[in-house]
Amino acid sequence: MNDIATFDFSGKKALIRVDFNVPLDKETFSVTDNTRIKAAWPTIQQVLDKGGSVVLMSHLGRPKSGPEDRFSLKHIVAECERVFGHEVNFVSDSISEDAFEASAKLQPGQILLLENLRFYPHEKSGDRDFAKKLSQHGNLYINDAFGTAHRAHASTAVISDFFPEAKMFGTLINKEIESISKVLDHNQSPVTAIVGGAKVSSKIEILENLINKVDNILIGGGMAYTFAKAQGGVIGNSLVEDDYIETAKEILANAKTKNVNILLPEDTIAANAFSNDAEKQIVNTAEIPDGWMGMDIGEKSMGEYADCIENSKTILWNGPMGVFEMANFQHGTKKVALAVVKATQKGAFSLIGGGDSVAAINKFELSNHVSHVSTGGGAMLEYLEGKELPGIKAILD
Ligand code: AMP
């Protein structure tokens, strides 16, 4: 496989799939969070520094059928230029004659950005002809869009076929793969997975995969109450998925057979309404009164979870411990975040991956104090489930 760090880009035109699906202000269309643009720079820089030129392609938003001005990548050109410190040429299509003329004229050191790939339905359908046309923009292909690596789209997977000898991962995807393999394959024990969030149903495959890989699993969030009920607890009006009680029992039994230590919250902060202003009380998780619902893990559980995390060498965190969006029910999630930071300071490797735990660590402004915060929500979840991601497989094949 080609390695971006050693590849000779001199005089070459690199076609790079990036993830520029950035949030835009609804009125001014300016970029409101440039994290993804910044994250793409190291790969672009590698190519430019080694004498190559760059053609960037991405999607933005969810255009319904054809071009829509509000989803045009023209809105991000100025921000790209600011972040990269380079001029960024833009073409208002990805496969028109103008687009090919622009990429053909590109000189070493120059950057061209193509228009939103999803203005063509062929992108999402993984159309082979569309992928072939796109491939004509470069002599080599780099996939650096981890956020869409779980999609078999034209620009993320199919296009690789047209670069059998010249395809590679960008530095961002390399870092994501390296981080997850540090957790799942080449880890230092004890390995602890913290799994929270709303529902058991959306985390079953992750739990099943993790049981074969980790020493401890700490369960929190709404899903904890389905487990509590599976163990015979009374959970009041807490979130529960009755259809998954049997699954929860199987997960607990399976963990026992494999000597995996599953921790469930012993106590719970319960509220009498799903509201930040609701009355609250700390109760035993197995004895939540009628009319009350579990909103966060209790003080005792916070302490137990923090101890376990601080004594771990490898940590994976996916999903909040409670309704962290409400100030009164964010403490369990914050305590866990602080314990992950403390463990990291003591030398543990910590990966925060998937959706709301990333939102939580950002909310607490702790993202610079953990080893890696994943950029790919859905992609990271599928990776944790043990699935093969089409965008990654296409490069490895
Ligand atoms: P997920 O996307 O599955 O990781 O779930 C994240 C969501 O779970 C967040 O919006 C939380 O507010 C929610 N959540 C966490 N704990 C609870 C709980 N005890 N009851 C209801 N929702 C919860």
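Residues numbered from 1 in each chain as written. Predicted model: local features only at pLDDT ≥ 70, side-chain atom pairs only at ≥ 80, totals over all residues. Heavy atoms only, no water.

**Q** Just to check I follow, could you spell out the overall build of the protein for this structure?
**A** Regarding its fold elements, the protein presents 14 helices and 17 strands. In terms of overall size, the protein behaves like a compact globule, its C-alpha atoms giving a radius of gyration of 23 Å where 397 residues would be expected to give roughly 21 Å. Expressed as lengths along the three principal axes of its C-alpha atoms, the size of the protein is roughly 70 × 45 × 35 Å. Buried residues in the protein amount to 57% of all 397 residues. Residue pairs at least 24 apart in sequence account for 73% of intrachain contacts in the protein once pairs closer than 6 positions are excluded. In the form shown here, the protein has an accessible surface area of approximately 17000 Å², with 46% of it arising from carbon and sulfur atoms. Each charge class in the protein was averaged separately, 39 positive and 52 negative side chains, and the resulting centres sit 2 Å apart. (Helix = DSSP H or I, 4+ residues; strand = E, 2+ residues; numbered from the N terminus. Rg over C-alpha atoms; globule rule 2.2 N^0.38 Å. Buried < 20%, exposed > 50% of the residue type's maximum accessible area, 1.4 Å probe, protein only. Contact = heavy atoms within 4.5 Å. Areas by Shrake-Rupley, 256 points an atom, 1.4 Å probe, with all protein chains shown as cover. Lys, Arg positive; Asp, Glu negative; His and termini not counted. Charge placed at Lys NZ, Arg CZ, Asp CG, Glu CD.)

**Q** Looking at this structure, I do not really get the sheet that holds strand β5 (residues 140–143). What am I missing?
**A** In a beta sheet, neighbouring strands pair by backbone hydrogen bonds and run either parallel or antiparallel. The sheet built from six strands is open, its strands ordered β3-β4-β2-β1-β5-β6 with parallel pairing. Either end of the sheet is taken by a strand with one partner, and the two such strands are β3 (88–91) and β6 (167–169). This sheet shows a mean twist of 25° between the axes of neighbouring strands, independent of strand direction. Sheet topology note: the strand β1 (residues 13–17)/β5 ladder contains four bridges and is parallel. Within β5, the residue paired with A14 across the bridge is L140. Each of β2 (53–57), β3 and β4 (111–114) touches helix α2 (residues 77–84); the most contacted strand, β3, lies at about 155° to it. (Pairing = 2+ DSSP bridges. Axes fitted to C-alpha atoms, helices over the stretch in contact; angles between N-to-C directions.)

**Q** What is the right way to look at the packing of aromatic side chains in this model?
**A** When we look at a pair of aromatic rings, we describe it by the centre distance and by the angle of the planes. For the structure on display, the rule yields five aromatic pairs. Ring geometry for F7 against F9: centres 5.0 Å apart, planes inclined by 50°, an arrangement best described as tilted. Neither F7 nor F9 differs from the other in exposure class; each is buried. Residues Y120 and F130 carry aromatic rings whose centres are separated by 5.2 Å and whose planes lie at 35° to one another, so their mutual orientation is tilted. Separated by 10 residues along the polypeptide, Y120 in the loop between β4 and α4 (121–125) and F130 in helix α5 (residues 128–135) bring together distant segments of the chain. Taking the relative accessible area as the measure of exposure, Y120 reaches 22% and is therefore partly exposed. Looking at F130, the relative accessible area reads 3%, which means it is buried. (Phe/Tyr/Trp six-rings, centres within 6.5 Å; stacked < 30°, edge-to-face > 60°.)

**Q** Could you clarify how one ought to interpret the nonpolar core in this entry?
**A** For soluble globular proteins, nonpolar side chains are generally found buried alongside one another. Core analysis: the largest hydrophobic core is formed by 62 residues, its most contacted members being F146, L210, I217, I219 and F227. Viewed by domain, this core spans two of them, domain 1 (13–169) and domain 2 (176–384), each represented by three or more residues. Counting residues in hydrophobic clusters, the runner-up holds 36 residues, among them M295, C308, W317 and M326. (Core = buried A, V, L, I, M, F, W, Y, C linked by side-chain atoms within 4.5 Å. Domains from an automatic or database assignment.)

**Q** Looking at this model, I keep getting lost on the environment of G332. Mind explaining?
**A** Here G332 shows up in helix α11 (residues 331–345). For the pair formed by G332 and E97, sequence separation is 235 residues and the distance between their alpha carbons is 56 Å. Those residues in contact with G332, other than ones at most four positions away along the chain, are D296, I297, M302 and M321.

**Q** Just to check I follow, could you spell out the domain arrangement of the protein for this structure?
**A** In many analyses, interface size is given as the accessible surface area lost on bringing the parts together. Along its sequence, the protein is organised into domain 1 (13–169) and domain 2 (176–384). For domain 1 and domain 2, the distance between their C-alpha centroids amounts to 36 Å. The interface is formed by five residues belonging to domain 1 together with 10 residues belonging to domain 2. Carbon and sulfur atoms supply 76% of the area that domain 1 and domain 2 bury against each other, a total of about 620 Å² over both sides. Applying the counting criterion to the domain 1 and domain 2 interface returns zero salt bridges. Summed over the shared surface of domain 1 and domain 2, the number is zero residue pairs in polar contact (both at pLDDT 80 or more). When grouped by side-chain class, the residues that make up the side of domain 1 that touches domain 2 number two nonpolar, two polar and one charged. (Buried area = accessible area lost by both parts, 1.4 Å probe. Salt bridge = Lys/Arg side-chain N within 4 Å of Asp/Glu carboxyl O. Polar contact = N/O pair within 3.5 Å; in protein donor to acceptor, adjacent residues only side chain to side chain. Nonpolar A, V, L, I, M, F, W, Y, C, P; charged D, E, K, R; others polar.)

**Q** Mind showing me how you'd approach the side chain of D296 here?
**A** Summarising the element assignment, D296 is placed in strand β14 (residues 293–297). Buried and without a salt bridge, D296 has K280 as its closest oppositely charged side chain, separated by 8.2 Å. Of note is the side chain of D296, whose polar atom sits 3.3 Å from the backbone nitrogen of H331. D296 has contacts with Y225, T268, I269, M302, M321, G322, F329, Q330, H331, G332 and T333, leaving out every residue within four places of it along the chain.

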